[in-house]
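# Architecture at a glance
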Amino acid sequence: MSMYRDKFTVLIQGPANMSSLNNLESYLNYGDVVVSTWNGYKDNVLEIVGQFENCKLISEETPSRENIVGALKDSTFYYALKGMYYGLKHVETEYVIKTRSDEFYGNLGPFVEEFLKNDDKLVCGNIFVRSDVPYHFGDHVFICKTKDVLSAIDNLLKSYESQQELQSWMIQMGSTAENILCSSILKSKNIDTTQDYKRVFLDNITIIDINLCKPFLAMWQHGKKVYDNTFVNHHGIYNQNDYK
């Protein structure tokens, strides 16, 4: 039984991938696990997930991007938001550790320990944090209150799906998926993101060097790079002191 089980759920989001599925037992050391993927992978994943107690499989139809507005139709951002949303609806703990299906972090201790110092903060990995773009946090792995990220994603999806007014900061053209999601999470916490972004970032977000999380496997799909226990952030940011 995990010492964190009553507080944390690890959410694995994305197309089913053995990188994460082979390491469910490790993630269960930190709490419950929710695997959120698409129906095309369900049969293969169900047997693996079914071996473990406190591990749920959430599988939905792959969403259509045909009628969305504001999010790029050739980007995976909308898919990621929907996958996170479906999974978060089944998270029963106060806190969630969001991870990607194509990655694995064997030691989440540095994240958890830092987050428990102040659970009002968002704790993220440094892949790929950058300070030259406002609120470009590390969205590959992060911890926050479940209600905050669920509210943030719900707000974005309703806007992209034309259920409510699309705001300029949400539009993916000219903005990145990372800073849109980060801004939305901060706004869900009633934080004023119009102030000096570097100060706001450092006041509300803590950066963890994923090199502290060995063994790990991280991916930069667009750059076709695999980081196996060694990560180099080409933006030069590893912790708070580097964010300038």
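Read on for an overview of the structure. Note on numbering: residues in each chain are counted from 1, in written sequence order. Selection of residues for local features in this predicted model requires a pLDDT of at least 70, selection of side-chain atom pairs for listing and counting requires 80 or more, and totals for whole chains, interfaces and linings are taken over all residues. With hydrogens and water excluded, all non-hydrogen atoms of the structure serve as input to the side-chain values.

## Some thoughts on the overall build of the protein chain
Helical segments are the DSSP runs of H or I of at least four residues, strand segments are the runs of E of at least two, and each set is numbered from the N terminus. Counting its regular elements, the protein chain contains eight helices and 10 strands. Its C-alpha radius of gyration of 17 Å places the protein chain within 12% of the 18 Å reference for a compact globule of 244 residues. Projecting the C-alpha coordinates of the protein chain onto the three principal axes gives extents of approximately 45 × 40 × 35 Å. Taking the contacts inside the protein chain whose residues are at least 6 apart along the sequence as the reference set, 67% of them involve residues at least 24 apart. Our radius of gyration is a C-alpha quantity, and the globule rule it is checked against amounts to 2.2 Å times the number of residues to the power 0.38. The contact criterion used is simple: two residues touch if any of their non-hydrogen atoms lie within 4.5 Å.

## Comments concerning the packing of helix α4 (residues 77-88) against helix α6 (residues 146-160)
Lines are fitted to the C-alpha atoms to define the axes, a helix being fitted only along its stretch in contact, and any angle between axes, read from their N-to-C directions, falls within 0 to 180 degrees. The interhelical angle for the contact between α4 and α6, taken along N-to-C directions, is 135°, at an axis separation of 10 Å. When the axis of α4 is compared with that of α6, the two are oblique. The interaxial crossing formed by α4 with α6 has left-handed handedness. In contact with Phe-77, Tyr-78, Leu-81, Lys-82, Met-84, Tyr-85 and Leu-88 of α4, α6 contributes Thr-146, Val-149, Leu-150, Ile-153, Asp-154, Leu-156, Leu-157 and Tyr-160. Its residues placed into classes, the contact of α4 with α6 shows 12 nonpolar, one polar and two charged. Roughly parallel means an angle under 35 degrees; roughly antiparallel, over 145; roughly perpendicular, 65 to 115; everything else is oblique. Crossing chirality is assigned from the near helix's rotation relative to the far helix, an anticlockwise turn below a right angle marking it left-handed and a clockwise turn marking it right-handed. Gly falls in the polar group here, along with every residue not listed as nonpolar (Ala, Val, Leu, Ile, Met, Phe, Trp, Tyr, Cys, Pro) or charged (Asp, Glu, Lys, Arg).

## Overview of the sheet that holds strand β5 (residues 104-105)
Ordered in space as β5-β9-β10, the three strands form an open sheet in which the pairing is antiparallel. Bordering the open sheet on either side are β5 and β10 (225-228), each of which pairs with just one other strand. Note on pairing: two strands pair once DSSP finds at least 2 bridges between them. Pairing of strand β9 (residues 216-220) with β10 involves four bridges; the strand directions are antiparallel. By the bridge assignment, Leu-217 is partnered in β10 with Asp-228.

## As for helix α7 (residues 177-188)
Taking 1.5 Å per residue, 12 residues should reach 16 Å; α7 reaches 17 Å between its end C-alpha atoms and fits that length. Most of α7 sits out of view: 10 of its 12 residues are buried. Against the buried residues of α7 lie α4, β6 (122-125), β7 (142-145), α6, α8 (197-204) and β8 (205-208). Looking one or two residues beyond α7, the residue adopting positive phi is Asn-190, at roughly 60°. Multiplying 1.5 Å by the residue count of a helix minus one yields the expected span of that helix. Burial status follows relative accessibility: with a 1.4 Å probe on protein chains alone, a residue under 20% of its type maximum counts as buried, one over 50% as exposed, and anything between as partly exposed.

Any functional reading would require information that these geometric values do not contain.
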